[in-house]
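Chain and residue survey
As a plain string of letters, each chain reads:
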Amino acid sequence: MFTGIITDVGRVRAVERQGDTRFTVETVFAMETVPIGASIANNGVCLTVVEKGPGWFAVQASAETLSKTTLGGWSEGTRINLERALKVGDELGGHIVSGHVDGVATVVEVRADGESKRFTFEAPAALAKYIAPKGSVALDGVSLTVNEVDGARFGVNIIPHTQDATTFGALKAGDRVNLEIDMLARYVARLAGQE
């Protein structure tokens, strides 16, 4: 489990495509404190550390993961949002995020809104019903509050700190992001017989 509070923006150092795809990621995490087998959210995708060294770790992604997320488009140099898994007693500053991406959303528009940036995204139609004004979503692993919803489109504000501390500062119209809907919304819909 994660919170959606990004603690490092890493960089893909290498991509090896053979069987499963292996990504080597540069990070500022103290890797001596991260065991092999630990989970790290990479742009919101929970992946298992399979090898590590000072300032880097490696993960593997299956064809299924590549087909359901933006990972298939990663290349050497891609910047990614990173978050280590929660420990008992950690502050839950965002919302409960599983790291199980539901789909890919597309940036429709980015515009200035004071010092913030106002983003409009389009979600896959099947996921739109789970996104509500003032509800939570995780986009590329970042916990965000939804401002408004119009069909499959929804808006969020990104404050300057979040622009600097995540990959959102460089996002532009047409870019794709990993979308995880709020876990509670999914269960409420299931209980209400909508899923």
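Worth saying up front: this structure is predicted, and the values here are computed from it rather than measured.

1. A few points about the UniProt feature "domain: Lumazine-binding" (unreviewed entry) in the protein
- Mapped onto the present numbering, the UniProt feature "domain: Lumazine-binding" (unreviewed entry) falls at residues 1–95 and 96–192.
- Taken end to end, residues 1–95 has its terminal C-alpha atoms 10 Å apart, with 6% of it in helix and 45% in strand.

2. Details of the pairing of strand 7 (residues 103–113)
- Pairing analysis gives 4 bridges linking strand 7 to strand 13 (residues 176–181), with the strands arranged antiparallel. When the bridges of strand 13 are listed, Gly-103 appears paired with Leu-179.
- Pairing between strand 7 and strand 8 (residues 116–122): 7 bridges, direction antiparallel. When the sheet's bridge partners are listed, Arg-111 is paired in strand 8 with Arg-118.
- The turn linking strand 7 back onto strand 8 is made up of 2 residues, and Gly-114 within it adopts a positive phi angle of 70°.

3. Details of a nonpolar patch on the surface
- Residues Met-1, Leu-86, Leu-92 and Ile-96 make up a contiguous nonpolar surface patch of about 340 Å² in total accessible area.
- Mapping Met-1 onto the fold places it in the segment before strand 1 (8–18).

4. Thoughts on the side chain of Ser-143
- Mapped onto the secondary structure, Ser-143 falls in strand 10 (residues 142–145).
- Side-chain polar atoms of Ser-143 contact the side chain of His-95, separated by 2.7 Å.
- Once residues within four sequence positions are removed from consideration, Ser-143 is found in contact with Thr-3, Gly-4, Gly-94, His-95 and Val-137.

5. What to know about unusual backbone geometry
- Phi is positive for Asn-43, which is not a glycine, with a value near 50°.
- Its place among the elements puts Asn-43 in the loop between strand 3 (39–42) and strand 4 (45–53).
- Residue classification places Asn-43 among the buried positions, given a relative accessible area of 5%.
- The phi torsion at Asp-140 lies on the positive side, around 50°, for a residue other than glycine.
- Looking at the secondary structure, you find Asp-140 in the loop between strand 9 (136–139) and strand 10.
- Assessed through its relative accessible area of 3%, Asp-140 is described here as buried.

6. A look at the sheet that holds strand 12 (residues 153–158)
- Taken in spatial order, the 7 strands of this open sheet run 10-9-13-7-8-12-11, and their pairing is antiparallel. Looking along the sheet, the strands with just one partner apiece sit at the ends: strand 10 and strand 11 (148–150). Neighbour to neighbour, the strand axes of the sheet diverge by 35° on average, direction disregarded.
- Relative to strand 13, strand 9 runs antiparallel, the two sharing 3 bridges. Considered in strand 13, the bridge of Leu-139 is made with Leu-179.

7. Structural notes on the packing of aromatic side chains
- Following the criterion strictly, the structure yields 5 aromatic pairs and no others.
- Ring geometry for Phe-23 against Trp-74: centres 5.0 Å apart, planes inclined by 70°, an arrangement best described as edge-to-face. Of this pair, Phe-23 sits in strand 2 (residues 20–26) while Trp-74 sits in the loop between helix 1 (63–68) and strand 6 (79–84); the two residues are 51 residues apart in sequence, bridging distant segments of the chain.
- Residue Trp-74 is classed as buried on the basis of its relative accessible area of 3%.
- A ring pair is formed by Phe-121 and Phe-168, whose centres lie 6.4 Å apart and whose planes are at 75°; its orientation type is edge-to-face. Separated by 47 residues along the polypeptide, Phe-121 in strand 8 and Phe-168 in the loop between helix 3 (160–165) and strand 13 bring together distant segments of the chain. Across this residue pair, the class does not change: Phe-121 and Phe-168 are buried.
- Joined through ring pairs, the aromatic side chains of Phe-119, Phe-121, Phe-154 and Phe-168 make up one cluster.

Conventions adopted
- Residues numbered from 1 in each chain as written.
- Predicted model: local features only at pLDDT ≥ 70, side-chain atom pairs only at ≥ 80, totals over all residues.
- Heavy atoms only, no water.
- UniProt positions renumbered as here; feature names shortened; annotations may be inferred.
- Helix = DSSP H or I, 4+ residues; strand = E, 2+ residues; numbered from the N terminus.
- Pairing = 2+ DSSP bridges.
- Patch = residues over 30% accessible without salt bridge, like charges linked within 9 Å, V, L, I, M, F, W, Y side chains within 5 Å.
- Areas by Shrake-Rupley, 256 points an atom, 1.4 Å probe, with all protein chains shown as cover.
- Salt bridge = Lys/Arg side-chain N within 4 Å of Asp/Glu carboxyl O.
- Polar contact = N/O pair within 3.5 Å; in protein donor to acceptor, adjacent residues only side chain to side chain.
- Contact = heavy atoms within 4.5 Å.
- Buried < 20%, exposed > 50% of the residue type's maximum accessible area, 1.4 Å probe, protein only.
- Axes fitted to C-alpha atoms, helices over the stretch in contact; angles between N-to-C directions.
- Phe/Tyr/Trp six-rings, centres within 6.5 Å; stacked < 30°, edge-to-face > 60°.

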